[in-house]
Every structure is written in structure tokens, then in C-alpha cells.
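Results of the structural survey
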Amino acid sequence: MAENHSILCVDDEASILKMLKRLLEGQGYQVFTCPGGKEALELLEHCHVDLILSDQRMPGMSGSEFLRIVKDKSPHVVRIMMSGYSDFDSLVAAVNEGEIFRFISKPWDQEQFLALLRLALAQKDVVTSIENIIKDVCKIAKLVDKVSVDAPTDSQCLRVKIGGEEDVFHKNTIMRFLNTLFDALGLQEKISSIAGAVARKNGIVSVTVDIGRGIALKIELPKMEE
Amino acid sequence: MITGRNFANLCVLLVEDDPECGDFFESVLLGEGIKVCRSRNAESAVEILKEQKFDIVLSDKNLPGMDGIALIKHIRGNYGTLPVVLITGEGTVGSAVDAFKFGAQDFLLKPLDDSELLLKTVWNVVEQRRLADENKMLQRKLILAERMESLGLLATGVAHEINNPTSFVLGNLELLREDMREFAKISEGLQSILADVMSGEQKEVERARKRFEELRQNASLRRIQDDAVQMIEEAIDGAHRIRRIVGSLRGFARPDYETMEPVDLNEELEKSLTLVWNELKYKCKVTKELQELPKVVGNPSQIDQVLVNILLNAGQAIEQKEGSIVIKTYHENSRVFITISDNGKGIAAECMKHIFDPFFTTKDVGSGTGLGLYIVYDIVKRHAGSIDVKSQVGEGTTFILAFPEDTSHG
């Protein structure tokens, strides 16, 4: 597997950064290291990274603060917090503020750690490619302005919203769009099972489809006329 | 029988050469169920004291041979706080003062026919001793309780300071393990390369050359060459850090009561700093100006407790960025000094006179019992030391501790 993803490691302990660099470069990743949140944010201005590993307890900016900023600026970057600080409150802050994919406590089991990174990046790749497919289909259907895709890497559900408050589409248009989309995603067989996955909440009808690898696609449908 | 007082199990040593007085005292005491041991002179009292334990000694002042005062001195010198009541026929203020001066807890005047006065005196003296002992025990428990409270505060920081080095000790060793496994293959590879070269055949030599080039690119080999020693140094360093912090913790958490020994205050300072480091390192810079110090006599755990308390307080006082704590040690005039200064919010003048009061705190409810400095003061006093505080609101606070040098060793 071509592991050409890039990982940014943020920790105030130099020896940990060195160890991570050795370990991850050995696995084929491209590795960046920063001693704190401030330097990491500067690096993110001009470097693209796929995944961030951050410590919680650091001088200046804390890990959860840093990851919160990253989530706002670049929600597509996978965020993992590691910490040797066994304090419940900071864990809660990390999960809630930083909205992280996972939390690892130091020291970790190396096998599990590497497996986690592979899983996180594989999922990110899947989500990114699905997002791209949807955007391509939207271009074809000339619905680019009307469809928004929300694909955060820390959840396993992509939200596709079709249309705004005022838009009303013809039912056929929507059906053709969905058919094309499912074709592109290779989900033809799943269409028969959609009926069970339709829900109405707050006046919005949504369809949730499991597209494999633990990822779900939730499509919010607009108002439709016959 | 007088109600409210319980004389059961009390044991009295009565040293009285006057038979009448002795008989009277003995009968009153026996009447309350008190055990009495009687002696006519101080010399045999000294022998009896070696064999039996007593709650109180009643002794006449004028005895044949060794007198009552000498007996009191003997008791103070050998039996600690064993209470003594002096019985004296000289009804003067002077002799009463003498009694107390020489270490008696109370006195009774002869001739005595008031049995209630006798019992009341015995009771009060024994009860006072019991309360003093209980007080000492409670104080010791309080010191330990306060220490556990500090330990609670430090626990998560200490865990972090252990977990961090553990991760790179493990990480580096796991990488090196892979490299060592790879090394066996590399070794075999080298042997077959050598065999090919020794054969002299062009095809084999060519193969050897190719293999050698490949080997040079081997990631494990390169790591062993370029990085392995560094990785091992880092791992060893990490393990030392863990050892140091566990050592500090063990010393601090030991429920040791009173053992005093020669102590190097610089060493205790380093141990205490190791424990509180995680609490301080994100808030402030710590500067040390330590001079070589003679030893002082002290209990290491208690001294650590004092230093940890003051350091934690200093850290908590710092609310702004660019916090700084400066620690100095030096000695002069047979005393060893430690000063700890912070540039935190300082102590208001009206609080200053209360900071060593038990349960006094300016922190929010729930964060600390307010016993820290009370215990610090108590421990410093037990060490025959002194503690002084200088502070300015908005500027900072300095604690100055002084302990007497250990002069018992050459």
C-alpha cells in the first residue's frame, strides 16, 4: 500500500517527536514535527497534511485548543490526540472542543497505534473519494450550486444536502440525480433497501445508505413536486 | 466515688518516707481502684522505675539520700514526660515555684488530709498528659493527611511525567528490536557477498556488487549506523527520568513519622521540584541558584512536604504569562537558608497574619483545605527552623526558610 500520506506530530517533548518521526517515516509516511500549537498552525499555512497527532498538555496553546482551530480551518484533516495526562476533564475538552477522531493514551501499543493510523487514513481516503464522486455527479447534473457535501473525517457519515429552503425540484430530476449518483458509487443493489432508511425529521426527508467500510451516506432531499 | 473520672488502670509510684502521710495517700488512692507502688526513698524508686511503668509519680521533696528534686531531674532525663507531683511540707511560694522549675507538673502541701484535693491533682495531671499525647498524635496524622492531599494534586502531573518518557523508551526499543532482527539477515547477506567475491568469478563478483549496493540501502542497517546509539541514549535518559520521579514519589509518600537524619536540602529541593515539575513547567520559568550546603537534621519526607507546598503555592499564585520562580540556597552563621520567590499575585497585608492559620485559604471552596501552610509552619518548628514571608500584592511573594546546621557529626 502506498503510504504517501503526510502526518504532522505536535508535542513539547523532543524525544517523542524524534521517536514518532523514526517510526512513521519507517512506515513510509511523510512526517512533519512541531513543538507546539503555534508552530503547527504556521506550518499548516503552507503545508498540506492528512493527519495530525497532537499532545494535550503543552505550554502556550493546549492540544484541544489547537485541534479546535484546525477543525474550524481544515475539517478534512484527521485529528488524533495523544496524551500521558490522565485527567478526565482534559480528555472531555479534547473530544468535545477538538472533535477528534480518536484519543490515544501514552504509552501505546505500537501495533494498535499503527493500525489506528492506517484505519484513519483509509477512511479519510474513502470519504475524500466519495466526496469527489458526488461533486463530479453534481457537475454533470448541473446541480453544483444546489448540492452541499459535509464530509468530516471524525464521523462516519457524509451529509449531502440537496437544495435550499426555497428550492423545489421535480421528482424526476431528483430520481435521475440519485440514480446517477448511486451508479457512480457502485450502489445499484442498495436501492431496493433504501425504503427502510428513509426518515422525516423537522420537515426534511433524508435517505441514509450504508456505502461500506462503516461509512454512511445521508442524503437530505428538497421539496419535490410531481 | 467521684463520678465522671475514671481511675481504673492507673498506676502510681508513691515515694514518701513519712509513714503516716504515705499511708493516707495510699489508702485514698487504693480506694479509687488505683494501683499503688510505694517506696521510702528515691534510690529504690529509681530501681522500681526501671522495672515497671507508671502513669504518675508522687514524690516527697525531702527524702533521705537523694531528694525529690533530684528524682524529678532523673525522671525528666530518662522517662520523658512521665508526670510528677511534688509533695512538700514547706508552704512557701518559693518551693512551689521550685517544683515547676525542676519539672514537676503540680505540687501538694503537707500535712494533707483532703482526699479530694489529692485525687483532683492526680486526675488533672494524668488527664493533661493524656491530652498532650493525643494532641501530638493528631498533629502527626494531620501532617500525613495534608501530605496525601498534596499527593492527590500532583498525581496526574506525575503520571504524565512518567508516561511521556515511557512512550519513547518503548518506541525506540521496539524499533531497535526490528533492526536487530533484520541484522541477522544483513549478516547472512554479507557472508554470501564475501563468498561471491572470494570466488573470483566475474558473474559472482557482479552479483556481489549488486547485493552490496542493495544492502547499503537497507533501512535497518542505515538506522543502526546513523541513529541507533542516539536512540539508545534517549531511551536510557528516559528511563533515568522515570527512576528519578518514582524515587521522589516514594520518598514523599512514605508514611514515616519522626525519624530524623542528616539531610542535604539541595537534594530534597531537587526531589520536590521533580514532583511538582509538571504543575510548574507550563506556567513559569524556574531558576535555581544553589550553593553547596552543610547537612541539617531532619525528616526527609516532611521537608519534601514543606518544599512541595511552597512550590505549589508559588505556581498557583502565578496567573500571568512569563511567570518566574527563583530558588536560592545558601548558609551562614550555622544556619542553612532556602528562599523561594515567585512573581505572582502576592499576599494582601490583612491576610499576612493569617496565612499560617489552620483552614485559612483565599482559594475557592473545594480547592484545598487551607492546611498547607499550617503544616509547613508546624514541620519547620519541629525542625527547630524558622519561616518568614515577604510579599507585595501584584509583585510577588518570597518565602525564607532557615534550618540549623547538623553539628552532631564531625
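Above this text is the structure in question.
1. Describing the nonpolar core
All names here are of chain B.
- Among the nonpolar cores identified, the biggest contains 45 residues, and Leu265 and Leu401 are the most heavily contacted of them.
- Element by element, the count of residues in this core is highest for helix H10 (residues 300-317), at eight residues.
- Not counting residues within four places of it along the chain, the set of residues in contact with leucine 401 comprises Val306, Leu307, Ile310, Val336, Phe337, Ile338, Val380, Ser386 and Ile387.

2. Examining unusual backbone geometry
- Lysine 106 of chain A connects to proline 107 of chain A through a cis peptide bond whose omega is -10 degrees.
- Examined against the element boundaries, proline 107 of chain A turns out to sit in the loop between strand S5 (102-105) and helix H5 (110-140).
- Of note, the amide linkage connecting lysine 110 of chain B to proline 111 of chain B takes the cis form, showing an omega dihedral of -5 degrees.
- With respect to the element layout, proline 111 of chain B can be found in the loop between strand S5 (106-109) and helix H5 (115-199).
- Positive phi is not limited to glycine here, since asparagine 9 of chain B has a value of about 70 degrees.

3. Looking at the sheet that holds strand S7 (residues 284-290) of chain B
Residue and element names in this part refer to chain B.
- Spatial strand order, S7-S9-S10-S12-S11: five strands in an open sheet with mixed pairing. Pairing within the sheet leaves two strands with one partner each, and these edge strands are S7 and strand S11 (386-392). Averaged over all pairs of adjacent strands, the angle between strand axes in this sheet comes to 10 degrees, irrespective of strand direction.
- Pairing analysis gives eight bridges linking strand S10 (residues 335-342) to strand S12 (residues 396-404), with the strands arranged antiparallel. Residue pairing in the sheet places threonine 339 in a bridge with isoleucine 400 of S12.
- Together, S7, strand S9 (323-332), S10 and S12 form the strand contacts of helix H9 (residues 265-280), whose direction differs from that of S7 by roughly 175 degrees.
- The sheet strands contacting helix H12 (residues 372-382) are S11 and S12, and the helix crosses S11 at an angle near 140 degrees.

4. Digging into the environment of leucine 142 of chain B
Residue and element names in this part refer to chain B.
- As for its placement among the helices and strands, leucine 142 is situated in helix H5.
- The partly exposed category is assigned to leucine 142, whose relative accessible area is 24%.
- Along the sequence, leucine 142 and glycine 4 sit 138 residues apart, while their C-alpha atoms lie 30 Å from each other.
- Dropping the residues within four chain positions of it, leucine 142 is found in contact with Leu371, Tyr374 and Ile375.

5. A look at the pattern of salt bridges
- Counting across every chain of the model gives 33 salt bridges over all chains.
- Among the ionic pairs, aspartate 136 of chain A bridges to lysine 139 of chain A, the shortest N-O distance being 3.7 Å. In this pair, aspartate 136 of chain A and lysine 139 of chain A both sit in helix H5, three residues apart, roughly one turn of the helix.
- Here lysine 139 of chain A falls in the exposed class, since its relative accessible area comes to 55%.
- What emerges from the salt-bridge pattern is a single network uniting Glu13 of chain A together with Glu161, Arg241 and Lys281 of chain B.

6. Describing helix H4 (residues 93-101) of chain B
Residues and elements named next belong to chain B.
- Those residues of H4 not exposed but buried are Ser95, Ala96 and Ala99. For H4, the angular spread of the buried residues around the axis is 105 degrees, confining them to a single face. Opposite the buried face of H4, by more than 90 degrees, sit the exposed residues Val93 and Lys101.
- On its buried face, H4 sits against strand S4 (84-88) and S5.
- Positioned one or two residues after H4, glycine 103 has a phi angle of 110 degrees, which is positive.

7. Some words on the pairing of S10 of chain B
All names here are of chain B.
- Of all eight residues making up S10, six are buried, and the element is well covered by its neighbours.
- Sheet topology places S9 next to S10; eight bridges connect them, and they run antiparallel. For histidine 331, the partnering residue across the bridge sits in S10 and is valine 336.
- As consecutive antiparallel partners, S9 and S10 are separated by two residues, and within that stretch asparagine 333 has a phi angle of approximately 50 degrees, a positive value.

8. A look at the interface of chain B and chain A
- The partner chain A presents 20 residues to the 25 residues of chain B that form the contact.
- Taking both partners together, chain B and chain A bury about 2000 Å²; carbon and sulfur atoms supply 50% of that area.
- At the surface where chain B touches chain A, the tally comes to four salt bridges.
- Residue arginine 241 of chain B pairs with glutamate 13 of chain A through a salt bridge whose shortest N-O separation is 2.5 Å.
- The interface formed by chain B and chain A holds 10 residue pairs in polar contact (both at pLDDT 80 or more) in total.
- Sort the elements by how many residues they give to the side of chain B that touches chain A and H5 of chain B lands first, with 15 residues.

9. So, the packing of H5 of chain B against H10 of chain B
Residues and elements named next belong to chain B.
- Where H5 contacts H10, the axes come no closer than 11 Å and their chain directions differ by 50 degrees. By the criterion of interaxial angle, the relationship of H5 to H10 is oblique. Like other packed secondary-structure pairs, H5 and H10 cross with a definite hand, here left-handed. Residues Ile143, Glu146, Arg147, Ser150, Leu153 and Leu154 of H5 touch H10, and the partners they reach there are Ser301, Gln302, Gln305, Val308, Asn309 and Leu312.
- Across the contact of H5 with H10, the residue classes break down as five nonpolar, five polar and two charged.

10. Some points on the pairing of strand S3 (residues 51-55) of chain A
Residue and element names in this part refer to chain A.
- In terms of burial, S3 is a largely internal element, five of the five residues being buried.
- Taking every second residue as pointing to the same face, both faces of S3 are buried, with Leu51, Leu53 and Asp55 on one and Ile52 and Ser54 on the other.
- Relative to S3, strand S1 (residues 6-10) is paired through four bridges, and the arrangement is parallel. Across the sheet, the residue bridging to isoleucine 7 is leucine 51, located in S3.

11. Let's talk about the packing of aromatic side chains
- In this structure the tally under the stated criterion is six aromatic pairs over all chains.
- Consider the rings of phenylalanine 100 of chain B and phenylalanine 107 of chain B, whose centres lie 6.0 Å apart with planes at 80 degrees: the pair is edge-to-face.
- Under the relative-accessibility criterion, phenylalanine 100 of chain B is labelled partly exposed at 42%.
- On the basis of an interplanar angle of 10 degrees and a centroid distance of 5.1 Å, the ring pair of tyrosine 330 of chain B and phenylalanine 337 of chain B is categorised as stacked.
- Its relative accessible area of 24% is what places tyrosine 330 of chain B among the partly exposed residues.
- Among the residues examined, phenylalanine 337 of chain B registers a relative accessible area of 11% and is labelled buried.
- Looking at arginine 102 of chain A, its charged tip hangs above the ring of phenylalanine 101 of chain A, at a distance of 4.9 Å from the centre.

12. A word on the environment of valine 296 of chain B
All names here are of chain B.
- Relative to the elements of secondary structure, valine 296 occurs in strand S8 (residues 296-298).
- Along the chain, valine 296 and glycine 200 lie 96 residues apart, while their C-alpha atoms are 77 Å from each other.
- Not counting the four nearest positions on each side in its chain, valine 296 is found in contact with Glu261, Pro262, Val263, Leu265, Val336, Phe403, Pro404, Glu405 and Asp406.

Conventions used here
- Residues numbered from 1 in each chain as written.
- Chains lettered and ligands numbered in written order.
- Predicted model: local features only at pLDDT ≥ 70, side-chain atom pairs only at ≥ 80, totals over all residues.
- Heavy atoms only, no water.
- Core = buried A, V, L, I, M, F, W, Y, C linked by side-chain atoms within 4.5 Å.
- Buried < 20%, exposed > 50% of the residue type's maximum accessible area, 1.4 Å probe, protein only.
- Helix = DSSP H or I, 4+ residues; strand = E, 2+ residues; numbered from the N terminus.
- Contact = heavy atoms within 4.5 Å.
- Pairing = 2+ DSSP bridges.
- Axes fitted to C-alpha atoms, helices over the stretch in contact; angles between N-to-C directions.
- Salt bridge = Lys/Arg side-chain N within 4 Å of Asp/Glu carboxyl O.
- Arc of directions from axis to C-beta.
- Buried area = accessible area lost by both parts, 1.4 Å probe.
- Polar contact = N/O pair within 3.5 Å; in protein donor to acceptor, adjacent residues only side chain to side chain.
- Parallel < 35°, antiparallel > 145°, perpendicular 65-115°, else oblique.
- Left-handed = near helix turned anticlockwise from the far one by under 90°.
- Nonpolar A, V, L, I, M, F, W, Y, C, P; charged D, E, K, R; others polar.
- Phe/Tyr/Trp six-rings, centres within 6.5 Å; stacked < 30°, edge-to-face > 60°.
- Lys NZ or Arg CZ within 6 Å of the ring centre and 35° of its normal.

Function-wise, these values are silent; they only describe arrangement.
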